[in-house]
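# Inside the fold
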Amino acid sequence: MELTVCNLTKDFGGKRAVDNVSFRLSYGVYGLLGPNGAGKTTLMKMLVDILTPSAGEVCLNGVNIHELGASYRDKLGYMPQEIGVYKNFSARKFLKYIAALKGITGKAADEKIEELLDLVGLRDVGRKKLGGFSGGMLRRIGIAQTLLNDPEILILDEPTAGLDPQERIRFRNIISELSENRIVVLSTHIISDMEFIAGEVIIMRNGGVLKVDTTDQLLQEVEGKVWSATVSRSMFQEVKNQYTIGNIIQKSDGVEMRIIGDKKPDFPCEPIKPILEDVFSYYFGGNLL
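Every residue gets a number counted from 1 within its own chain, in the order that chain's sequence is written. Residue-level local features of this predicted model are given only where pLDDT is at least 70; pairs of side-chain atoms are given and counted only at 80 or more, and the full residue set underlies all totals for whole chains, interfaces and linings. Hydrogen atoms and water are omitted, and side-chain values are computed over all heavy atoms in the structure.

## Considerations on the confidence of the model for the protein chain
- A residue's pLDDT is the confidence the predictor assigns to it, expressed on a 0 to 100 scale. On average, residues of the protein chain carry a pLDDT of 91, and 99% of them reach 70 or more.
- Least confident of the elements in the protein chain is helix α7 (residues 165-178), whose mean pLDDT is 85; most confident is strand β4 (residues 55-60), at 97. Strands are runs of DSSP state E lasting at least two residues, helices are runs of H or I lasting at least four, and both sets are numbered from the N terminus onward.

The structure is reproduced here in structure tokens:
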């Protein structure tokens, strides 16, 4: 199975949100990385045929997804940033309602719902009304809803938002298991989640695709360009103004920081192993997202 994006463009009035984007996806997990306003959500909405492109097309196995219509949607699972639920419905009732909309009924629906409630750790609260769920629990219902039709293509926009660390680990493991025979595209502000599960990363900037590469290759590109240094508090602002800074930690003897750039700083520092956040800082500057 191959999902192909060809010269995809989307204009809103005088603004171009996605600009002539092309890439190919096959089985595996693809992370969509870029700052706010890069065009990630608009691109995902075109991948699920919610938005019609101004130009270009998305094809599944060579056929335009708009032409495929319902047969494409049958293969698709989409989790948007904002999940709409009926707060007076219990978790089971809501999933049964969504299952019916997807054409899954009877015993098959009941069995799938119980399987998914187990998967996302919500079986014990299946009878609880969604109005009493925390934000993290609602995200897990959203994940379960997305998987109801056993989709071959998963498009996930900020799926780990609101999840606690244990829930995020559970989600990462679920996606890793599912990706063996599925195409998964996910966008997240939690870059460490992407680093753990994405085989390839699509980097977007100003509506265009800057780079598509494996996480390993992206990390290799910034090898030797990340340093750790501890400077005095009086020197910190000067360093911040001159260099791209990742995270900082206040220490008793000063401020410890990650410095990202092509040239080694001209004060004492040690080279360190890069992480995906460093790649983001390298391409987009020090203000992460």
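## Re the sheet that holds strand β11 (residues 226-231)
- We treat two strands as partners when DSSP finds at least two bridges between them. What the four strands build is an open sheet, ordered β12-β13-β11-β14; its pairing is antiparallel. What marks the edges here is a single partner per strand, and that holds for β12 (244-251) and β14 (270-271).
- When β11 meets β14, the two strands line up antiparallel, connected through two bridges. Its bridge partner lying in β14, W227 is registered against P271.

## Looking at the sheet that holds strand β3 (residues 28-33)
- Overall, mixed pairing links the six strands, which are arranged β6-β7-β8-β3-β9-β10 in an open sheet. Where the open sheet ends on each side, the last strands, each with one partner, are β6 (76-79) and β10 (208-214). The sheet shows a mean angle of 15 degrees between the axes of neighbouring strands, direction not considered.
- Of the strand pairs in this sheet, β6 and strand β7 (residues 153-157) are connected by four bridges, and their pairing is parallel. For L76, the partnering residue across the bridge sits in β7 and is I153. Inter-axis angles, ranging from 0 to 180 degrees, are taken between N-to-C directions of lines fitted to C-alpha atoms, where helices are fitted over the stretch in contact.

## A closer look at the nonpolar core
- Remark: nonpolar core denotes a set of buried residues (Ala, Val, Leu, Ile, Met, Phe, Trp, Tyr, Cys) joined through side-chain atoms within 4.5 Å. Classification of residues uses two cut-offs on accessible area relative to the type maximum, computed with a 1.4 Å probe and protein chains only: under 20% is buried, over 50% is exposed, and between them is partly exposed. Ranked by internal contacts, the top residues of the largest apolar core, which has 47 residues, are I141 and I175.
- Setting aside residues up to four positions removed in sequence, I175 forms contacts with V29, L154, L156, V184 and I197. The contact criterion used is simple: two residues touch if any of their non-hydrogen atoms lie within 4.5 Å.

## With respect to a nonpolar patch on the surface
- The patches reported here contain residues having more than 30% relative accessible area and no salt bridge. Joining distances are 9 Å for like charges and 5 Å for nonpolar side chains (Val, Leu, Ile, Met, Phe, Trp, Tyr). For the accessible areas, the method is Shrake-Rupley and the probe is 1.4 Å, while residue cover comes only from the protein chains on display. A side-chain nitrogen of Lys or Arg and a carboxyl oxygen of Asp or Glu constitute a salt bridge if their distance falls within 4 Å. A contiguous nonpolar surface patch, about 320 Å² in accessible area, is contributed by Y86, Y97 and L101.
- Along the polypeptide, Y86 turns up in the loop between β6 and α4 (91-101).
- A relative accessible area of 44% places Y86 in the partly exposed class.

## A short note on the side chain of T4
- Along the chain, the position of T4 falls in strand β1 (residues 3-12).
- A relative accessible area of 8% places T4 in the buried class.
- The residues touching T4, leaving out its near neighbours within four places in the chain, are F23, R24, E57, V58 and C59.

## Quick look at the packing of α4 against helix α5 (residues 106-119)
- Close contact between α4 and α5 brings their axes to 10 Å; oriented N to C, the two are set at 130 degrees. For the element pair α4 / α5, the angle class is oblique. As for how α4 packs across α5, the hand of that crossing is right-handed. Contact with α4, carried on its side by A91, R92, L95, K96 and A99, involves A109, D110, I113, E114 and L117 of α5 and no other residues of that element.
- Across the contact of α4 with α5, the residue classes tally to six nonpolar, no polar and four charged. Roughly parallel here means an angle under 35 degrees, roughly antiparallel means over 145, roughly perpendicular means 65 to 115, and every remaining angle is called oblique. Each crossing gets its handedness from the near helix: less than a right angle anticlockwise from the far helix is left-handed, clockwise is right-handed. Note on residue classes: Ala, Val, Leu, Ile, Met, Phe, Trp, Tyr, Cys and Pro are nonpolar, Asp, Glu, Lys and Arg are charged, and everything else, Gly too, is polar.

## A closer look at the environment of A55
- By the secondary structure assignment, A55 is in strand β4.
- The sequence separation of A55 and D266 amounts to 211 residues, and the corresponding C-alpha distance is 48 Å.
- Not counting the four nearest positions on each side in its chain, A55 is found in contact with N7, L8 and T9.

## Considering the packing of α4 against helix α6 (residues 135-147)
- Across the interface, α4 lies against α6 with an axial gap of 10 Å and an inter-helix angle of 30 degrees. For the element pair α4 / α6, the angle class is roughly parallel. Crossing of α4 over α6 shows right-handed handedness. Every residue of α6 that contacts α4 at A91, F94, L95 and I98 is listed here: I141, A144 and Q145.
- A class-by-class count of the residues in the contact of α4 with α6 yields six nonpolar, one polar and no charged.

## Remarks on the packing of aromatic side chains
- Centres within 6.5 Å make a pair out of two Phe, Tyr or Trp rings, where for Trp the six-membered ring is used; the pair is then stacked when the planes are under 30 degrees apart, edge-to-face when over 60, and tilted otherwise. All told, the structure shown has six aromatic pairs when counted by the stated rule.
- Relative to Y97, the ring of Y86 lies with its centre 5.5 Å away and its plane at 80 degrees, an arrangement referred to as edge-to-face. Linking Y86 in the loop between β6 and α4 with Y97 in helix α4, this pair joins segments that are 11 residues apart in sequence.
- Judged by centre distance (5.5 Å) and plane angle (85 degrees), the rings of Y282 and Y283 are edge-to-face.
- Taken together, the aromatic side chains of Y86, F89 and Y97 make up a single cluster linked through ring pairs.
- Distance and angle both matter: a charge sits over a ring if NZ of Lys or CZ of Arg is within 6 Å of the ring centre and within 35 degrees of the ring normal. A cation sits over an aromatic face here: K10 above F12, 5.5 Å from the ring centre.

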